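Working through the structure, step by step
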Amino acid sequence: MEDYLRKNFAVEPKRPSEEALRRWRSAVSVVKNPRRRFRMVADLAKRAEADRKCKILQEKIRVALYVQKAALNFIDAGKRVQSKLSEDVTQAGFSIGADELASIVRSHDMKSFEDHGGVEGLAKKVSVSLTDGVVPTDVSLRQNIYGYNQFAEKPARSFWMFVWEALHDLTLIILMVCAAVSIGVGIATEGWPAGMYDGLGIVLCIFLVVLVTATSDYKQSLQFKDLDKEKKNIVVQVTRDGCRQKISIYDLVVGDIVHLSIGDQVPADGVLISGYSLSIDESSLSGESEPVNVTQQRPFLLSGTKVQDGSAKMLVTTVGMRTEWGRLMVTLSEGGEDETPLQVKLNGVATVIGKIGLVFAVSTFLVLTIRFLVTKALHGEITNWSMSDALNLLNFFAIAVTIIVVAVPEGLPLAVTLSLAFAMKKLMSDKALVRHLSACETMGSATSICTDKTGTLTANHMVVDKIWTCGRTIKIESNKSEDFWRSSIAGAVFNILLQSIFENTGAEVVKGKDGKNNVLGSPTETAILEFGLLLGGDFKIHRKESEILKVEPFNSVKKKMSVLVSLSSGGGHRAFCKGASEIVLKSCSKIINVDGKVEPLSEEQKKCITDVINGFASEALRTLCLAFKDVKDTSNVDSNSIPEDNYTLIAVIGIKDPVRPGVREAVKTCLAAGITVRMVTGDNINTAKAIARECGILTDGGLAIEGPDFRDMSPQQMEETIPKLQVMARSLPLDKHKLVTYLRKEFKEVVAVTGDGTNDAPALHEADIGLAMGIAGTEVAKENADVIIMDDDFTTIQNVARWGRAVYINIQKFVQFQLTVNIVALILNFVCACISGSAPLTAVQLLWVNMIMDTLGALALATEPPHEGLMKRPPIGRDAAFITRIMWRNIIGQSIYQLIVLAILKFDGKRLLKLSGSDATAILNTVIFNTFVFCQVFNEINSRDMEMINVFRGIFDSWLFIMVMVSTVAFQSIIVEFLGTFANTVPLSWELWLVSILLGAGSIIVAVILKCMPVDKRKEAATTKHHDGYEPLPSGPDMA
């Protein structure tokens, strides 16, 4: 079976090929209900149509942006017809309509923009202050006039739509027809109401199956809808009522002042208020890959585009469906998400079992019919046909159809969806947002995690701990006064230090809702700015002392931030630079002394400063250098170029960022689970090594290298180095991408990688599982990720791996359980039909068994929470067999036990149970049905663990499992005791109930015996063997 599945039902977890998707679709056969089975499968035809529409729309937008705006320049502004304002707009106090505003930005109409008075004029017309932003009380009014920042979505499907979908099951439709005929013929032969019970029993059972199926599917769809909304939710920084605050993208209104920085998605159409070096990637909208520079001469910003470089403030002019992005998003939502490898594999399993079931169903019908005809012929009644004969044949047909209902495990692929929906919901509450379903599965196979340091392993709560300046190191303590710091740092140096902190920063001091000053920015920027405030500096005063001419924001390639300012006091220009200590120190040729004088920086001093940097780093401090340069030659300043060298060193700063609580234990758990953890950071190598040792990542035999060394390695060197590599410092995003590619392609590892910056996008895209940071991560990183770690915590990553394993194991449990029921039900009915001429399980009983094993079984087994034992096993191999030898051992062993028990009851039950009288056959058939159901109930408990003997461990942790067990037993009691007329059962004495339960419970003892039987797992284990030669971790009853 495995070879057949690998050949026809294997797809890649990420970006599967069109050919693979089409191949498995064409291989699927014997589908009872295509609408339900393929509900969570991508519609390739719709997707192709959506891609075509998308390209047409992108081309229209491209024409609008690059052709229409050129044409508009030739149109005389005087000839333009002013749009007439609606009464609603004027009554609300606005002077411009939504459509006119949208048109200006969409068509990049500079003439109209200037006619309206530029950004200040537009702000006046939408009644907003460019400094204070929107007044919160105006938000609902603005939404009514200009619309909501939400895109049109398909209305959610109602519960009745799922009921209607469940009724499209072909076998259920046939059974309904059989039930209708049975009622008609029954009443004609047996009279009212006795004749209608058999048919009515089937109808009631179908109704129950449909109701349970629809309820399960509906609840699942609601979970996915909530998760989908969360995926699209972006947090935006705005100024409202004079306060900087974070709001949801859905709450954005026309007139909002939005703050943009590298990696952000532009949340609505708007115009630039102010900014530095703003470069926008419009490829998602227009298809053009070349970034666009947004300036006061070209101030238009379009929703859905990405900030590639720089920072800015923008005025929102258009929201929601009036933007081009809104129209594009509706098109992009067509076609659905790619199916996961497990969903595809289980469609294959369902196909194989379905074909076998079909053969058994047809064989059972033929055997029963032939026996019936032979019996009639032997009695010489072959020419005499009555209504009861027709009813018998109809009953045989109904049993055959019901065998198909049981044999085709329609619920198998849907059990994956159920398990994933459950896992995603639980992970959401554990601060992990799964963007792609397949990532949840793939994480269970992860063999390597490449993680960032800052914010993931560390707490991301940074404070300046030490500063080195003018040849001395000062320990920073927050309880010291401003006078103390002035006396500790020489006066001239003190002033230039404050200037470098407040002028060269990406953070801001803003007034919060509570009226207090808050520092907003990245943790590193915030720490430095808070240090400046501790020294007694004032953000606004220092900013007024000079005018910023150009800013080069920090990025992970340059590893520094530079700014060029025009000094108001003495005139002239000054450049400030801060960043990675070694890089900034290399660009310094001078140093400031105690008297505030600039003197040349000797090689000996450089060596001394390097020792200071290494000393700070070995204490796990993040080190940065601050430097400045006075630009004497101003002839070149017009081009706004910031000098690259000949800087004067001011200070070395050491920032403390403690390791997060629980990280060491999480790393230990990952290592115990066979997952290698590697730290990839842009920090100094000594800082990285100190933190890695503290986290338990860097071990005695492990290797720590720097990015430039890794970059220059030959393929042979990489092959030798990577298995031992545990820390990579001073790395570029390119190094991370190279490491991930090598691990995946050369070492066949399943790699999870974390990232937060825009430049991390290629590595996140390349990895098997891309993990973006929810707090520190940019929108570009999040868009390329498969999972968003909402709290940026490594412990959450370990939790995702745990749930990934749980999903895979849970589906294996369910498959083991379902295959056992299938084998027993098929063989029992077929053998009994051949030998005795009647099937022991009726259509109604088989429908009830089908519900136990399909919908209820999936609910019970596919939603089990993970236990600690999961992280003591090796990762699931990339090509590991899905139905393992252990599973086959359990399936075959349990099937043999159940078949022996049920066969003995069928052929010798009357004697063994001392049954006599007219109702002996009815009692025996009820006992067989009851025993069969209890065998499944106890086998469901057995399936909770495929290797562990103690299957009751943690049973009360899964309330859903307990609920399913209780409701199954309760409803079985009702069927036997009270619904005998419909289900062909009779009430049983307590002794016979006890016999049924004890025979069912016997499967627990059988399971214990089976689990003690050794299974050769070498072939399966080979798929999980590590590239470094280590054997997989021990697994089995002792280690599970």
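Right above here is the structure, for reference.
Residues numbered from 1 in each chain as written. Predicted model: local features only at pLDDT ≥ 70, side-chain atom pairs only at ≥ 80, totals over all residues. Heavy atoms only, no water.

**So, the overall build of the chain**
Inclusion rule: By definition, any uninterrupted DSSP run of H or I lasting at least four residues is a helix, any uninterrupted run of E lasting at least two residues is a strand, and each is numbered from the N terminus. Think of it in three bands: residues with accessible area under 20% of the maximum for their type are buried, residues over 50% are exposed, and the middle band is partly exposed, with areas taken using a 1.4 Å probe on protein chains only. Exposure was quantified through the Shrake-Rupley algorithm and a 1.4 Å probe, taking into account, for residues, occlusion by the shown protein chains and nothing else. In this tally, Asp and Glu contribute negative charge and Lys and Arg positive charge; neither His nor the terminal groups of the chain are included. To locate a charge, take NZ of a lysine, CZ of an arginine, CG of an aspartate or CD of a glutamate.
Within the chain, the secondary structure is distributed over 39 helices and 26 strands. With the C-alpha coordinates of the chain rotated into their principal frame, the extents come out at 125 × 75 × 50 Å. In the chain, which comprises 1040 residues, the proportion classed as buried is 56%. Element-wise, carbon and sulfur atoms account for 57% of the exposed surface of the chain, whose accessible area totals about 43200 Å². If the 112 positive side-chain charges of the chain are averaged to one point and the 115 negative ones to another, these points end up 2 Å apart.

**Quick word on empty space enclosed by the protein**
As a reminder of what qualifies: Whether a set of points on the 1 Å grid over the protein atoms alone is a cavity depends on a 1.4 Å probe fitting there but being unable to get out, while an open set qualifies as a pocket with protein on both sides within 12 Å along at least five of seven lines; lining residues are those with an atom within 4 Å of a point. Grid points are joined across faces, edges and corners, and a volume is the space filled by probe spheres set on the points. Each residue receives one of three labels: charged for Asp, Glu, Lys and Arg, nonpolar for Ala, Val, Leu, Ile, Met, Phe, Trp, Tyr, Cys and Pro, and polar for the others, Gly being one of them.
Per the stated rule, a full pass over the model turns up 4 cavities of 30 Å³ or more. Here the second largest cavity defines a volume of roughly 70 Å³. Every residue along the wall of the second largest cavity is listed here: Arg36, Ser216, Asp217, Gln220, Gly411, Leu414, Ala415, Leu418, Asp854, Thr855 and Ala858. Elements supplying a minimum of two residues to the lining of the second largest cavity: α12 (197–232), α17 (411–429) and α33 (843–861). Across the lining of the second largest cavity, the residue classes break down as 4 nonpolar, 4 polar and 3 charged.

**Examining unusual backbone geometry**
Within the chain, serine 127 stands out as a residue other than glycine whose phi angle is a positive 50°. Tracing the backbone shows serine 127 in the loop between α8 (118–125) and α9 (139–146). At cysteine 470, a residue that is not glycine, the phi angle is positive and equals roughly 50°. Along the chain, the position of cysteine 470 falls in the loop between β10 (463–469) and β11 (472–475).

**Side note on the pairing of strand β23 (residues 725–729)**
Here is the rule: In this description, strands pair whenever DSSP reports at least two bridges between them.
The element β23 is extensively covered by neighbouring structure, given that 5 of its 5 residues are classed as buried. One ladder, built from 2 bridges, connects strand β21 (residues 676–680) with β23; its direction is parallel. Residue valine 680 lies in a different strand from β23, and its bridge partner there is methionine 728. Strand direction decides the pairing type here: strand β22 (residues 703–706) and β23, joined by 4 bridges, are parallel. Along β23, the bridge assignment pairs leucine 703 with leucine 725.

**Here we look at helix α24 (residues 603–618)**
Put simply, the test is: A helix is expected to span 1.5 Å for every residue after the first.
For α24, spanning 16 residues, the distance from its first C-alpha to its last is 22 Å, which sits close to the expected 22 Å at 1.5 Å a residue. The first or second residue beyond α24 is alanine 620, which carries a positive phi of 65°.

**Details of the packing of aromatic side chains**
This is how it is decided: Note on aromatic contacts: the rings of Phe and Tyr and the six-membered ring of Trp form a pair at centre separations within 6.5 Å, being stacked when their planes are under 30 degrees apart, edge-to-face when over 60 apart, and tilted otherwise. We call a charge positioned over a ring when the NZ of a Lys or the CZ of an Arg lies within 6 Å of the ring centre and within 35 degrees of the ring normal.
Following the criterion strictly, the structure yields 10 aromatic pairs and no others. Pairing phenylalanine 502 with phenylalanine 539 gives two aromatic rings, centres 6.4 Å apart and planes at 65°, and the pair type is edge-to-face. Of this pair, phenylalanine 502 sits in helix α20 (residues 491–503) while phenylalanine 539 sits in helix α22 (residues 539–544), placing them 37 residues apart in sequence. Classification of phenylalanine 539 by relative accessible area gives buried; the value is 9%. Taking 5.1 Å as the distance between ring centres and 50° as the angle between the ring planes, the aromatic pair formed by tryptophan 848 and phenylalanine 971 counts as tilted. In this pair, tryptophan 848 is assigned in helix α33 and phenylalanine 971 in helix α36 (residues 959–978), connecting sequence segments 123 residues apart. Members of the aromatic cluster, joined through ring pairs, are Phe159, Trp160, Phe162 and Tyr218. Between arginine 944 and the ring centre of phenylalanine 961, over which it is positioned, the NZ or CZ distance is 5.5 Å.

**Some thoughts on the nonpolar core**
Short version of the rule: We define the nonpolar core as a collection of buried residues of types Ala, Val, Leu, Ile, Met, Phe, Trp, Tyr and Cys that are connected through side-chain atoms lying within 4.5 Å of one another. The criterion used for residue contact is that any of the two residues' heavy atoms lie within 4.5 Å.
One finds Met443, Ile769, Phe794, Ile811 and Val815 to be the most contacted residues of the largest nonpolar core, which totals 169 residues. With 20 residues, helix α32 (residues 794–836) is the largest single contributor of residues to this core. When neighbours within four sequence positions are excluded, valine 815 is seen to be in contact with Leu346, Leu412, Phe882, Ile883 and Met887. Counting residues in each nonpolar core, the second largest holds 54 residues, with Ile249, Ile257, Ile280 and Val307 among its members.

**What about the sheet that holds β21?**
Quick note on the threshold: To get an axis, a line is fitted to the C-alpha atoms, and for a helix only the part in contact is used. The angle between two axes follows their N-to-C directions and goes from 0 to 180 degrees.
The 8 strands lie next to each other as β8-β26-β25-β24-β9-β21-β23-β22, forming an open sheet whose pairing is mixed. Strands with a single pairing partner mark the edges of an open sheet, and in this sheet they are β8 (432–434) and β22. Between one strand and the next, the sheet's axes are offset by a mean angle of 20°, whatever the strand orientation. Where β8 and strand β26 (residues 787–789) come together, 3 bridges link them in antiparallel fashion.

**Observations regarding the pattern of salt bridges**
Convention followed: Throughout this description, the term salt bridge denotes a Lys or Arg side-chain nitrogen within 4 Å of a carboxyl oxygen of Asp or Glu.
Under the criterion given, the structure shown has 27 salt bridges. The partner of aspartate 683 in a salt bridge is lysine 453, and the shortest N-O contact between them spans 2.8 Å. Of the two residues, aspartate 683 is situated in the loop between β21 and α26 (685–695) and lysine 453 in the loop between β9 (448–451) and β10; the sequence distance between them amounts to 230 residues. Under the relative-accessibility criterion, lysine 453 is labelled buried at 3%. In this structure, arginine 744 and glutamate 766 form a salt bridge, with 3.1 Å as the shortest nitrogen-oxygen distance. Within this pair, whereas arginine 744 is found in helix α29 (residues 733–745), its partner glutamate 766 is found in helix α30 (residues 761–766), the two being separated by 22 residues in sequence. Judged on exposure class, the residue arginine 744 and its partner glutamate 766 are both buried. Ionic contacts of the salt-bridge type, sharing partners, join the residues Arg744, Lys745, Glu766 and Asp768 into one network.

**Structural notes on the packing of helix α35 (residues 920–942) against helix α38 (residues 990–1011)**
Stated formally: Note: crossing handedness is left-handed where the near helix turns anticlockwise from the far helix by less than a right angle, and right-handed where it turns clockwise.
Two numbers describe how α35 lies on α38: the axes approach to 8 Å, and their chain directions differ by 35°. Crossing handedness for the pair α35 and α38: right-handed. Residue-level inspection shows Ile923, Val927, Asn930, Thr931, Phe934, Cys935, Phe938, Asn939, Ile941 and Asn942 of α35 in contact with α38, the latter providing Leu992, Trp993, Ser996, Ile997, Leu999, Gly1000, Ala1001, Ser1003, Ile1004, Ala1007 and Lys1011. Along the lines of polarity and charge, the residues of the contact of α35 with α38 split into 13 nonpolar, 7 polar and 1 charged.

**Remarks on the environment of alanine 415**
If you trace the backbone, alanine 415 turns up in helix α17. Alanine 415 gets classed as buried once you look at its relative accessible area, which sits at 1%. Spatially, the C-alpha atoms of alanine 415 and threonine 863 are 9.2 Å apart, while their sequence positions differ by 448 residues. Residues within four places of alanine 415 in sequence aside, it is in contact with Ile811, Phe814, Ala858 and Ala862.

**A look at the state of the cysteines**
Keep this limit in mind: Disulfides are defined in this document as cysteine sulfur pairs within 2.5 Å.
A full pass over the atoms with the stated rule returns 0 disulfides. For the unlinked cysteine cysteine 450, the closest cysteine sulfur is that of cysteine 670, found at 12 Å. On the accessibility criterion, cysteine 450 (1% relative accessible area) is buried. Distance from the sulfur of cysteine 588, which forms no disulfide, to the nearest cysteine sulfur (cysteine 625) is 6.8 Å. Using a relative accessible area of 2% as the deciding quantity, one classes cysteine 588 as buried.

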